[in-house]
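Next come the chains, spelled out residue by residue.
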Amino acid sequence: TPATLERFARAARSAGADLAPVSDNLVDAIWADRPAPPLAPVYLYPKRFAGVEAKKKLGNIARALGDCEALLISNPHNVAWAFNIRGADVPHTPLPLCFALIRAKGDHTLYIDGRKLGEPVRKALSALALVQEPDALAGDLQALGRAGARIRFDSSSAPVKLVDALKNAGGEANPGADPV
């Protein structure tokens, strides 16, 4: 995350060293028996338990963005809350692993493995956002960067790789607290 990277960079500098980015994840290079990503089904969380419909939550988030064009929600708890969805990708926690891009002017995008979505859930989520595979997220951030967009990132959960995708394409990252 940006916050962790900054903490590590300060520690490296105080020891007389520098951090150097690498293009490939070195752990992936040696993790031969890595399990497949979880594919637990996603289900809708009823309004009677959520208290507020997802459409209203998404509108409230969009209005809270200030001078940013969008917010990347990278914390699965916050995506689940915003879209009123639940899953079982994380043991003992009803979360689906996913990301969301909430735009100030609507046209939100939910990045989630489509194999987790039954047709009724996909239909309900498609009424709220464009549903995309997670692999599309970096490219979408690059496109926003090329357009000069200013995007809010949660400094405690956003992967630096995604922040860099926006910044390296010319966009402005606004790291801070996730307004969710």
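What you see is a predicted model, and the numbers here were worked out from it, not measured in a lab.

Participant: Would you mind going over the pattern of salt bridges with me for this structure?
Facilitator: Pairing between side chains becomes possible if they bear opposite charge and their charged atoms approach one another. Here the structure, examined in full by the defined rule, presents seven salt bridges. We note a salt bridge from E6 to R10, for which the minimum N-O separation is 3.6 Å. Of the two residues, E6 and R10 both sit in helix α1 (residues 2-14), four residues apart, roughly one turn of that helix. Given the relative accessible area of 37%, E6 is considered partly exposed. Relative accessible area serves as the criterion here: at 47%, R10 is assigned to the partly exposed category. One salt bridge connects D28 with R34, and the closest N-O pair in it is separated by 2.4 Å. R34 gets classed as partly exposed once you look at its relative accessible area, which sits at 47%.

Participant: Please explain the sheet that holds strand β2 (residues 70-73) as it appears in this structure.
Facilitator: Two strands in a sheet stick together by hydrogen bonds in their backbones, pointing the same way (parallel) or opposite ways (antiparallel). The strand order across the open sheet formed by six strands is β6-β5-β4-β2-β7-β8, and the pairing between neighbours is mixed. The open sheet terminates on both sides in strands that have one partner only, identified here as β6 (130-132) and β8 (172-176). Across the sheet, the axes of successive neighbouring strands diverge by a mean angle of 20°, strand direction being ignored. Strands β2, β4 (99-103), β5 (109-111), β6 and β7 (150-154) of the sheet are contacted by helix α7 (residues 136-146), whose axis makes an angle of about 25° with β4.

The rules behind each value
Residues numbered from 1 in each chain as written. Predicted model: local features only at pLDDT ≥ 70, side-chain atom pairs only at ≥ 80, totals over all residues. Heavy atoms only, no water. Salt bridge = Lys/Arg side-chain N within 4 Å of Asp/Glu carboxyl O. Helix = DSSP H or I, 4+ residues; strand = E, 2+ residues; numbered from the N terminus. Buried < 20%, exposed > 50% of the residue type's maximum accessible area, 1.4 Å probe, protein only. Pairing = 2+ DSSP bridges. Axes fitted to C-alpha atoms, helices over the stretch in contact; angles between N-to-C directions. Contact = heavy atoms within 4.5 Å.

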